[in-house]
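Survey of secondary and tertiary structure
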Amino acid sequence: QVQLVESGGGLVQAGGSLRLSCAAPGLTLTYYAMGWYRQAPGKQRELVAAITAGGSTNYADSVKGRFTISRDNAEKTVYLQMNSLRSEDTAVYYCAADQSVATVRLGGPIYWGQGTQVTVSS
């Protein structure tokens, strides 16, 4: 059974940084597009960043220039570096995987992690 395991969340002050990690030991990561999503209380889940198997990236407008998604296929891990954090970045962050980047971008990837809480205090 494929498991995605997120880590790195926590409490940080506005303006600070966090790096989230998503380990995917059961996947041959080379074949998968990956995405980071978030869901704040009372809001719909949204795609924050996606990365193709080849390393191309795209970001939500709200995080462009502040967040960076990256991948290490050998380590089977995907990262989300979050800088200049704002209170509105507070949410549960999920990583997800699918062989289709289109599916990742549309919010329907086949594999999901359990989520990690990020709380930004103002």
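Data block above holds the structure.
Below, the structure is looked at part by part. (Residues numbered from 1 in each chain as written. Predicted model: local features only at pLDDT ≥ 70, side-chain atom pairs only at ≥ 80, totals over all residues. Heavy atoms only, no water.)

Moving on, we come to unusual backbone geometry. Phi is positive for K76, which is not a glycine, with a value near 55°. One can find K76 in the loop between β7 (67-72) and β8 (77-82). (Helix = DSSP H or I, 4+ residues; strand = E, 2+ residues; numbered from the N terminus.)

Attention shifts here to the pattern of salt bridges. Enumeration according to the criterion identifies four salt bridges in this entry. In this structure, the salt-bridge partner of E46 is R38, at a minimum N-O distance of 2.7 Å. Of the residues examined, E46 reaches a relative accessible area of 33% and is grouped as partly exposed. Judged by relative accessible area, which is 6%, R38 ranks as buried. (Salt bridge = Lys/Arg side-chain N within 4 Å of Asp/Glu carboxyl O. Buried < 20%, exposed > 50% of the residue type's maximum accessible area, 1.4 Å probe, protein only.)

What follows covers the side chain of S21. As for its position among the elements, S21 is in strand β3 (residues 18-23). Residues contacting S21, with those up to four places away along its chain left out, are V5, E6, S7, W36, T77, V78 and Y79. (Contact = heavy atoms within 4.5 Å.)

Moving on: the pairing of strand β11 (residues 116-121). By the alternation rule, side chains of β11 split into T116, V118 and V120, which are all buried, and Q117, T119 and S121, of which none is buried. Where strand β2 (residues 10-13) lies against β11, four bridges are found, and the strand directions are parallel. Residue pairing in the sheet places Q13 in a bridge with S121 of β11. The pairing of strand β9 (residues 91-98) with β11 spans three bridges and is antiparallel. Considered in β11, the bridge of V92 is made with Q117. (Pairing = 2+ DSSP bridges.)

This next bit is on the side chain of T52. Take T52: it is sitting in the loop between β5 (46-51) and β6 (57-59). Note on T52: relative accessible area 15%, which makes it buried. Not counting residues within four places of it along the chain, the set of residues in contact with T52 comprises Y32, A33, R71, V101 and R105.

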